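Inside the fold
Letter by letter, the chains look like this.
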Amino acid sequence: MSSLVPKTALPGRSRSMHDEMAAGLGYFSIALGLAELAMPQAIRRAAGIETPDALVRGYGVREIATGVAILTTHDATPWIWARVAGDALDIATVAMAPPGRHGAEGKKTLALGALLAVTAIDLFCASCLNSEKGGRKTARADYRDRSGFPQGQRAARGAARDFETPRDIRGPEALRPQATEGARHPAAPSGEWVVSNSGVR
Amino acid sequence: MKALVWHGTADIRCDSVPDPRIEEDRDAIIKVTSCAICGSDLHLFDHFMPGMKNGDVMGHETMGEVVEVGPGAKHKLKVGERVVIPFTIICGECEQCRRGNFSVCERTNRNKALGDAAFGHTTAGLFGYTHLTGGYQGGQAEYLRVPFADATHIKVPDGIPDDKLLFLSDIFPTGWQGAVQCDIQPTDTVAVWGCGPVGQMAIRSAVLLGAKQVVAIDRLPERLSMAEGAGAVTINFEEESTVERLNELTGGKGPEKCIDAVGLEAHATATIDSMYDRAKQAMMLETDRPHVLREMIYVCRPAGTLSVPGVYGGLLDKIPFGALMNKGLTLRTGQTHVNRWTDDLLRRVLEGQIDPSFVITHRVPLEKGPEMYKTFRDKQDGCIKVMLLPNGASA
């Protein structure tokens, strides 16, 4: 059967180059998060902005959490999209923050450029992971010709009634008729109830 | 030899690994002619099942030809014989094996302490599964070492294609046991949640066992179409309410028999309980997503039976046990006692009552196996069952 989904798996592996790329972004996320957590002032200075240290540290925690999720989950796609959302937040923060001192405008422009580049990479990775999954459009919808019954459906109905349910699996005799339409327990107000080895009659 | 090897979450590779050799008296080695990817392999692939180690060989649906036999198995197996290997490793001698409860064999889990710790008491060793069940190397490979081989095999005749016999290893007896556990009566409506390979086999087993009506529940059109092929009434739970439709099909009383062929990774969409499960699972506060179990308990007719061939691994939350108790439901579970059923099922295949090969949608060489894991998990290309062909064999 030819595939409707682009085959992107690396040779002999279940992972694709986009999975590897996602893992790389996961490590990057953790490294950046650790830097933001440990050195918020240096990060602020490099970006040429004035923001509270607590905010930078908060973003660091977000980066670490996203990175760990990317590296541990069986499907990184939603977490890469979470990175894209985080990128948007970072861009908005840098764009709106007041500039710092000593050539801060130039640093701020550089920081925005770097953030846009990372966003582009994240977007590319997330889109590729999405397209690898293919979505429901790749479903082949019709297996109605596969009954699995070589002699046909009609012949198959009840063909295994010769099978005797093992005693350890059969419902207790006293309870079996409860689920059997038309059967009546002797304690019921009326009706006959007969149990034999082959079931209720 | 080549084998499909687990390296971590969603990372399976076709690697070269050392050939297996006879290690114990009762071992045999088989040359694998065909094997398959099972739905429960996906639980390992996605790492929902604990106890996997980097380097584990995957696979527990395998058949092939005996190429070497240990001295303790020679009275039952000969080189050249064609065998299907059940996924449960059995000693054939312990108290549970003597009773036919092969999936809880007391002697074949070589990591018994882990099994005891996880489940209270050990269960049988399984091929290509977690180290909780022995950590035995699996059969998605060119060769397989079969421990306790004098008991752990199903002899099959020549002249029948592998396609028709391979699934005696797992999904066919698993679906069958799922239906048998329902003790089906001619008046019964049997509802089957999940139309993956085990669900498809359970549907056909329920038809063969003479259910009045079989209802198949899933969300994937291709799987529902395959269920329709067997004569099942289908419910797409993304398009209609499962509970309402089941009640409508049973005069408001609910199905007498319910089969959970989904297990721990239920994909219910936009229900409160499924969102709750996903959130708890993400926070590692719950291991499994039991939406199907909850729904079965709710909709099953009072005094009915729930059968659970779907695999669960650990801790489940918010099970409506009050409904289960007050409605007097019978709950039957368990890994499959494969050898208990296979003589009978082989006869039914040979007589033409059923041809299990209907379920195969993809046949690929072993080397393509890793990427088929993803195809199967993501339900791409209408994938329902992948058959793998090592050794350049043609099935």
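Residues numbered from 1 in each chain as written. Chains lettered and ligands numbered in written order. Predicted model: local features only at pLDDT ≥ 70, side-chain atom pairs only at ≥ 80, totals over all residues.

1. A few points about the overall build of chain B
Applied cut-off: Labels follow the DSSP assignment, with helices taken as runs of H or I lasting at least four residues and strands as runs of E lasting at least two, numbered in each case from the N terminus. As a reference, a globule follows 2.2 Å times the number of residues to the power 0.38, and the radius of gyration itself is taken over C-alpha atoms. Working definition of burial: number of other C-beta atoms within 10 Å of the residue's own, with buried at 20 or more, exposed at 12 or fewer, and partly exposed in between, all C-beta atoms being placed from the backbone. For the purpose of contact definition, each residue receives a C-beta atom placed from its backbone, and two residues are in contact when these atoms lie within 7 Å.
Helix and strand counts for chain B come out as 13 helices and 18 strands. Taking 395 residues into account, the globule formula puts the C-alpha radius of gyration at 21 Å, and chain B, at 20 Å, falls close to it. Along the three orthogonal principal directions, the C-alpha set of chain B runs to about 60 × 50 × 45 Å. Taken over 395 residues, chain B has a buried fraction of 60%. A separation threshold of at least 6 residues defines the contact pool for chain B, and within that pool the share at least 24 residues apart is 72%.

2. As for the environment of Gly51 of chain B
Residue and element names in this part refer to chain B. As for its position among the elements, Gly51 is in the loop between helix H1 (39-45) and strand E4 (56-57). Considered as a pair, Gly51 and Thr271 are 220 residues apart in the sequence and their alpha carbons are 31 Å apart. Apart from residues no more than four positions distant in its own chain, Gly51 is found in contact with Leu114, Thr130, His131 and Leu132.

3. Let's talk about the interface of chain B and chain A
Short version of the rule: We call Asp, Glu, Lys and Arg charged. Ala, Val, Leu, Ile, Met, Phe, Trp, Tyr, Cys and Pro are nonpolar, and the rest, Gly among them, are polar.
With 51 residues of chain B at the interface, the matching set in chain A holds 47 residues. Put simply, the parts of the chain that give the side of chain B that touches chain A at least two residues each are strand E2 (11-16), helix H6 (197-208), helix H7 (221-229), helix H12 (338-350) and helix H13 (369-377) of chain B. Among the elements that line the side of chain B that touches chain A, the one with the most residues is H7 of chain B, at six residues. Grouping the constituent residues of the side of chain B that touches chain A by class yields 17 nonpolar, 17 polar and 17 charged.

4. Some remarks on the sheet that holds strand E15 (residues 305-308) of chain B
Note on sheets: strands pair through backbone hydrogen bonds, and any given pair is parallel or antiparallel. Residue and element names in this part refer to chain B. We apply this condition: Two strands are counted as paired when DSSP detects at least two bridges linking them. All axes here are fitted lines through C-alpha atoms, helices being fitted over the stretch that makes contact, and every angle between N-to-C directions spans 0 to 180 degrees.
Spatial ordering of the open sheet is given by E13-E12-E11-E14-E15-E16, a layout of six strands whose pairing is parallel. The outermost strands of the open sheet, each flanked by one partner alone, are strand E13 (233-236) and strand E16 (330-333). With direction set aside, neighbouring strand axes in the sheet form an average angle of 20°. Sheet topology places strand E11 (residues 189-193) next to strand E14 (residues 257-260); four bridges connect them, and they run parallel.

5. Here's the deal with the confidence of the model for chain B
Going by this rule: The quantity called pLDDT is the predictor's confidence in a given residue, expressed from 0 to 100.
Confidence along chain B averages 94 in pLDDT terms, with 99% of residues attaining 70 or more. Scoring the predicted complex yields pTM 0.88 and, for the interface, ipTM 0.91.

6. Brief notes about the nonpolar core
Here is the rule we go by: Each nonpolar core comprises buried Ala, Val, Leu, Ile, Met, Phe, Trp, Tyr and Cys residues, the members being joined through C-beta atoms within 7 Å.
With 129 residues, the main nonpolar core has Ile30, Val192, Ile203, Ala206, Val214 and Ala216 of chain B as its most contacted residues. When sequence neighbours within four positions are dropped, the list of residues in contact with Ile203 of chain B reads Val192, Val214, Ala216, Ala227, Ala230 and Ala232 of chain B. Formed by nine residues, the second largest nonpolar core is a distinct cluster that contains Ala22, Leu25, Ala76 and Cys125 of chain A.

7. Comments concerning helix H4 (residues 77-96) of chain A
Residues and elements named next belong to chain A. Worth spelling out the cut-off: To estimate how far a helix should extend, the number of its residues minus one is multiplied by 1.5 Å. Throughout, the arc means that of the directions going from the helix axis to the C-beta atoms.
In this model, H4 (20 residues) spans 29 Å end to end at C-alpha, consistent with the 28 Å of a helix rising 1.5 Å per residue. The set of residues buried in H4 consists of Thr77, Trp79, Ile80, Arg83, Asp90 and Val94. Seen along its axis, H4 keeps its buried residues to an arc of 155°; they face one direction. The exposed set on the far side of H4, more than 90 degrees from its buried face, consists of Pro78, Ala85, Ala88, Leu89, Ala92, Ala95 and Met96.

8. What to know about the domain arrangement of chain B
Residues and elements named next belong to chain B. Selection criterion: Domain limits in this description derive from either an automatic procedure or a database domain assignment.
Structurally, chain B comprises domain 1 (2-170 + 336-389) and domain 2 (174-333). Between the C-alpha centres of domain 1 and domain 2 there is a distance of 26 Å. Tallying the contact residues gives 17 residues for domain 1 and 18 residues for domain 2. Of all the secondary structure elements, the ones that give two or more residues to the side of domain 1 that touches domain 2 are H1 and H12. Per-element accounting of the side of domain 1 that touches domain 2 gives the leading share, three residues, to H1.

9. Things to note about the packing of helix H5 (residues 171-180) of chain B against H12 of chain B
Residue and element names in this part refer to chain B. Basically, it comes down to this: Oblique is the label for any angle not under 35 degrees, not over 145, and not in the 65 to 115 range, which are roughly parallel, roughly antiparallel and roughly perpendicular in turn.
Contact geometry of H5 with H12 gives a least axis separation of 9 Å together with a crossing angle of 100°. It follows from the interaxial angle that H5 and H12 lie roughly perpendicular. Counting all contacts with H5, which are made through Phe172, Pro173, Trp176 and Gln177, the residues of H12 involved are Val338, Trp341, Thr342 and Leu345. Grouping the constituent residues of the contact of H5 with H12 by class yields six nonpolar, two polar and no charged.

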